[in-house]
Structures are given as structure tokens and as C-alpha cells.
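# Working through the structure, step by step
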Amino acid sequence: MKLLFKCLISITMLIVAANAQTIKVGTNATYPPFEFVNEQNQITGFDMDLMAEIAKKVGFKFEIVNISFDSLIPALKAGKIDIIAAAMSATPERLKAVDFSKPYYHTMNLFIKRADNKELTKFEQLEGKKISAQLGTVQEMAAREIKNAQVMAIDEIFGAVMAVKNAKADALIVDSSIGYGYLKQNPDLVEFLHLPDGSEGFSFAFNKGKHTELQAKINAAIDELKKDGTYDKQIGRASCRER
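As a starting point, this report considers the structure included with it.

Cut-offs applied
- Residues numbered from 1 in each chain as written.
- Predicted model: local features only at pLDDT ≥ 70, side-chain atom pairs only at ≥ 80, totals over all residues.
- Heavy atoms only, no water.
- Helix = DSSP H or I, 4+ residues; strand = E, 2+ residues; numbered from the N terminus.
- Contact = heavy atoms within 4.5 Å.
- Polar contact = N/O pair within 3.5 Å; in protein donor to acceptor, adjacent residues only side chain to side chain.
- Buried < 20%, exposed > 50% of the residue type's maximum accessible area, 1.4 Å probe, protein only.
- Salt bridge = Lys/Arg side-chain N within 4 Å of Asp/Glu carboxyl O.

## Some words on the environment of N219
- Position of N219 relative to the elements: it lies in helix α7 (residues 212–227).
- Counting along the chain gives 15 residues from N219 to F204, while the straight-line C-alpha distance between them is 9.5 Å.
- If sequence neighbours within four positions are ignored, N219 has contacts with S101 and K102.
- There is a polar contact of 2.7 Å between the side chain of N219 and the backbone nitrogen of K102.

## Digging into unusual backbone geometry
- Put simply, P32 and P33 share a cis peptide bond, and its omega is 10°.
- With respect to the element layout, P33 can be found in the loop between β2 (30–31) and β3 (35–37).
- The phi dihedral of N41 falls on the positive side, at around 65°, and the residue is not glycine.
- Along the chain, the position of N41 falls in the loop between β3 and β4 (43–44).
- Positioned with a positive phi, A87 is a non-glycine residue whose angle comes to about 50°.
- As for its position among the elements, A87 is in the loop between β6 (83–84) and β7 (98–100).
- You can call A87 buried: its relative accessible area is 7%.

## Comments concerning the pattern of salt bridges
- Under the criterion given, the structure shown has ten salt bridges.
- For the salt bridge of R114 with D116, the shortest nitrogen-to-oxygen distance reads 3.6 Å.
- Using a relative accessible area of 17% as the deciding quantity, one classes R114 as buried.
- When the shortest N-O distance is used, the salt bridge between K165 and D188 registers 2.9 Å. On the criterion of sequence distance, the pair formed by K165 in helix α5 (residues 157–165) and D188 in the loop between α6 (176–185) and β12 (189–196) is long-range, its members being 23 residues apart.
- Of the residues examined, D188 reaches a relative accessible area of 33% and is grouped as partly exposed.

Below, the structure is given as C-alpha cells:
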């Protein structure tokens, strides 16, 4: 009887797995440690690991769609992807177009300059300066709010970093969660300021009003993963501990 019961459970689980919905998850894999392409040419990172754990909890399969960051929301609205998992900050402006899960990570805006730049020491001195940031990010928005700033909005964060290194920009505004990693790798760059980014934190995005049931299940899964310790293990592995 017990053997029959176990067999029935196994068959049921196989049927559920076979019928599991495949969700298209949009990302921009140029943002380590959250999403990046590894040496095996696979898209990985904290967001992908977290999404894999959520998929187990909720019961769905997913495939990753890698596109430019500023194309993610248009792709979501067009139905080309179902979820955005791309270290995206939940801002009031974005909330007009999409729904967000509860935040799963909190961060700040980090201001970086060349180490040999002794003149730039405070926010007020950014007026009229050339400032680089990744296109379509909260940091680009912050740069555009600086009086008379010459904003260099660049597709990939690596390019924004290089703009400062090569003296094409005076400063870089970057998310602190990855900014500190670039500082470790580039001793010729230094932090001179950090400020709140004005968002609720990193969240997964859904087309507005289209996936409310899935959104609720993912919110519950995030809570469960934080409660059972899985979240802390994943964030430790990714080396993106909050600062």
C-alpha cells in the first residue's frame, strides 16, 4: 500500500512538472553579480539563482531572454517576456507602466571618480560636469537631475565605468551593489559620495494587471526563501551582500 502511494505521488509530480508553465524572464546580462554571462557562456548571477529557487517553490519553468536594459519594459508591455529579473529598481515612474514584486534587495547610488581627481569632493561640484550612467537606469535619472550636467547614458555599465577611467566623463553614478565590485577591480577609481536612489529596491517586474496571481505567488516565495535561509545562502554565493 505504501509503495502504491509513493508511486502515485511520483506520477502526480511528474505530471505537474510536465505541465508546468514556461515563463519568459527578461534580463540584461551585463550587471554582475546580479546577471552576467559566465565562462561557459551561460547567463547566471544572483537574480537568476533567486528566480530558479522561486520557480521551484511556485512550480514553473523559465527561459531567459537577454536584451538591452532599456528594452526590457517595452518587451514586457509587448508580451515578448513575462517577467523582468534585471536588478530593476521599483520607482514611481516605472510603476505607471508595470507591477512590481515586493523588493528583494536594497541599494544606493554610488558616485565614483578617478582617484587623481582631487577637485571633485561633493555633490554640488557635479554641476555642469560630464556624468556617465547606464542607459535607462535610476542612476541615469539621477544624473539628469543634476544642474547643467552633461549626461553620458551608455548601453552597458562597463562602458559607463570606462568613460570615467578614460577621462571622457568626470564622474559615474552606479548602483552600489555592483559599484563596489568595480572599485575593487580598479584602484584608479574611488567613491566620493553615496545617496539613496529614491526607489523601493530591486524587484521583479510584470506587465501591469496581467500577472497578478503569479505576482502574489512570487511574493510569497520570496518570503519563504528569506525565512528558510535560502536567500542568505544565494546572496552570499553571489557576493552582493547589502552595504
